[in-house]
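# Analysis of the macromolecular model
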Amino acid sequence: MTFPERLEIPETVLELARTLEQAGHEAWCVGGAIRDRLLGVPGGDVDLATSAKPEEVQRLFRRTVPVGIRFGTVAVLDRAGAPHEVTTFRHDVETDGRHAVVRYGASLEEDLARRDFTINAIAYHPLRHEWRDPFGGAADLSANLIRAVGDPAQRFREDYLRILRALRFAARLGFVVDPATWAAARTEAPGLAGLSAERVRDEWFKGLRTAAEPERLVSLWREVGAAAVWLPELAERALPGAGGAGEGRDPVLLTVALTGPQAPAVLRRLRASNAEIARAEAIVRGPAAPASFDETTVRRWLAAVGPAAADHVALHRVEHGGEPAWAAAARRIVARGDATSRSTLAVNGADLITLGIAPGPALGALLDRLLERVLDDPSLNQRDRLLSLARELA
Ligand code: ATP
Ligand code: MG
């Protein structure tokens, strides 16, 4: 790959670069955005690397947020309030596989050398339109290769997350992991056990969201030995309805599709949020589908699964690539506003108390019996009809 004459860099980023350079510092565009632009794929924000120390960056700009100050990253807010990451050239002086102690005062070349893969270690000067690519990142972009910068085993031992990042980039870009990097990743994979669950989860979710095909990410996790450490439940399953990469992908749902009944335990291990774990529990609890497709059965099923109904439909779509046969009936029921829960009945507990029914478990049971009747016959869901029915049943 030959570098283009110049890259289109947003004016806001150019302004940051000018301010840094006019104050006597270097400012280079680095990281994923440069990689993605060279590939011509949609990518994220352009990060800047600079010789300015974090305190100097904070002094030079009016509005800054110390988003990763321990690693030298300051977010500079532009006029519109949008953040742009500016990271001080650094090298890692001490690493233990999960954290790094960083030192500033590094050169651009040293900063590029501490980066994970050659394709992520290319720098572009946005004002002088110069390129720096000391590790052959452009050639690897052309060859569709993920290759570690430097000795791969050593780089993985410094930060085991890099193994998972290699898999994510390979699955997202449709690249192959270079044989030496792959061999080291397999050898070092047991070290993944020392990572924090949060970092692994973020990587797993991001990988599922961005993979061209989630199945490829699953194969890579299994083949490299990452699944054995963190996700032994992970099964090779076709996901014909996973959809295209992007925000539409739902990593919790995909994790359920890929780990089945073990999904709640998997998400707990990955320290997912309580809401995400509860979602997986509700999906796994089922029943996944109504026993037949007539509206009464579908209504009863909607009442049984409650808010998980939409997840059941979505999971079916992911696993089978199309709508389940009962989705149309479920949609009709929801659109019509048929009651499928106590709270959507035309009467509530207070109404029953005015009928002289004592508050307590019997009142709850009566509401459930009313719901039973309404599930069979939605036309009963009117206040006066339910009140007279309640009198009969009480
Ligand atoms: P994306 O934003 O699409 O995930 P990215 O390459 O921009 O991809 P970031 O996590 O945003 O990834 O990191 C920005 C850059 O910082 C990377 O391109 C890489 O150069 C470097 N980097 C990030 N994480 C690591 C790491 N664990 N080890 C070494 N370098 C890293
Ligand atoms: Mg990025």
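Just so it is clear, the model here is predicted, and its values are computed rather than measured. (Residues numbered from 1 in each chain as written. Chains lettered and ligands numbered in written order. Predicted model: local features only at pLDDT ≥ 70, side-chain atom pairs only at ≥ 80, totals over all residues. Heavy atoms only, no water.)

## Describing the overall build of the protein
For clarity, the threshold we go by: Working definition: helices are DSSP H or I runs of at least four residues, strands are E runs of at least two. Numbering for both runs from the N terminus. Radius of gyration here uses only the C-alpha atoms, and the compact-globule reference equals 2.2 Å multiplied by the residue count raised to the power 0.38. Remark: exposure states derive from per-residue accessible area (1.4 Å probe, protein chains only) relative to the maximum for the residue type, with buried under 20%, exposed over 50%, and partly exposed in between. Two residues qualify as a contact provided that any one of their heavy atoms is within 4.5 Å of a heavy atom in the partner residue.
The helix and strand tally for the protein stands at 20 helices and eleven strands. Computed over its C-alpha atoms, the radius of gyration of the protein comes to 28 Å, more than 25% above the 21 Å expected for a compact globule of 394 residues. In terms of overall dimensions, the protein has a C-alpha envelope of 85 × 45 × 35 Å along the principal axes. Residue burial in the protein is summarised as follows: out of 394 residues, 47% are buried. In the protein, 63% of the contacts between residues at least 6 apart in sequence involve partners at least 24 apart.

## Observations regarding the packing of helix 15 (residues 295-305) against helix 19 (residues 361-376)
Test applied: Inter-axis angles, ranging from 0 to 180 degrees, are taken between N-to-C directions of lines fitted to C-alpha atoms, where helices are fitted over the stretch in contact. Residues are grouped as follows: Ala, Val, Leu, Ile, Met, Phe, Trp, Tyr, Cys and Pro are nonpolar; Asp, Glu, Lys and Arg are charged; every other residue, Gly included, is polar.
Where helix 15 contacts helix 19, the axes come no closer than 8 Å and their chain directions differ by 145°. Residues Thr296, Arg299, Arg300 and Ala303 of helix 15 touch helix 19, and the partners they reach there are Glu372, Val374, Leu375 and Asp376. Classifying every residue of the contact of helix 15 with helix 19 by side-chain character gives three nonpolar, one polar and four charged.

## Quick notes on the side chain of aspartate 178
Counting through the fold element by element, aspartate 178 comes out in the loop between strand 11 (176-177) and helix 8 (179-188). Contact partners of aspartate 178, with chain neighbours within four places excluded, come to Leu145, Ile146 and Arg147.

## Section: the site of ligand 1
Here is the rule: Only a single heavy atom is needed: when it lies within 4 Å of a molecule or strand, its residue is near that molecule or strand. N or O atoms within 3.5 Å of each other form a polar contact, as long as, within protein, one can give a hydrogen and the other can take it, and as long as residues adjacent in sequence are counted only when both atoms are side-chain atoms. Accessible areas in this description were obtained via Shrake-Rupley with a 1.4 Å probe; residue shielding takes into account the shown protein chains only.
Neighbouring residues of ligand 1: 14 residues in total, closest Arg35, Asp159, Arg162, Arg168 and Lys206. Glycine 32 is positioned such that a nitrogen or oxygen atom in its backbone is 3.3 Å from an oxygen atom of ligand 1. Interatomic distance of 3.2 Å between a backbone N/O atom of aspartate 116 and a nitrogen atom of ligand 1. Calculation on ligand 1 without its partners gives an accessible area of 570 Å², and the protein chains cover 75% of this total.

## What to know about the domain arrangement of the protein
What counts here: For every domain, the bounds stem from an assignment made automatically or drawn from a database.
For the protein, the assigned domains are domain 1 (1-143), domain 2 (286-336) and domain 3 (342-393). For domain 1 versus domain 2, the separation of C-alpha centres amounts to 48 Å.

## Considerations on unusual backbone geometry
At the junction of glycine 286 and proline 287, the peptide bond is cis and its omega measures out at 0° in the coordinates. For proline 287, the location among the structural elements is in the loop between helix 14 (274-285) and helix 15. The phi dihedral of asparagine 144 is positive, around 55°, even though this residue is not glycine. With respect to the helices and strands, asparagine 144 occurs in the loop between helix 5 (137-143) and strand 10 (145-146). Phi at arginine 271 is positive, roughly 50°, even though this residue is not glycine. The residue arginine 271 is located in the loop between helix 13 (263-269) and helix 14 in this model.

## Section: the environment of glycine 194
Here glycine 194 shows up in the loop between helix 8 and helix 9 (197-210). For glycine 194, a relative accessible area of 31% translates into the label partly exposed. For the pair formed by glycine 194 and aspartate 96, sequence separation is 98 residues and the distance between their alpha carbons is 9.5 Å.

## Focus: the pattern of salt bridges
Condition: For this analysis, a salt bridge means a side-chain nitrogen from Lys or Arg found within 4 Å of a carboxyl oxygen belonging to Asp or Glu.
Counted by the stated rule, this structure contains 36 salt bridges. Between arginine 18 and glutamate 11 there is a salt bridge; the shortest N-O distance is 3.2 Å. Here arginine 300 makes a salt bridge to glutamate 372, at a shortest N to O gap of 2.9 Å. With arginine 300 in helix 15 and glutamate 372 in helix 19, this residue pair connects regions lying 72 residues apart in the sequence. Residue arginine 300 is classed as partly exposed on the basis of its relative accessible area of 29%. Look at glutamate 372 and you get partly exposed, because its relative accessible area is 38%. Through salt bridges with shared partners, one network takes in Glu21, Glu109, Arg128, Glu130 and Arg132.

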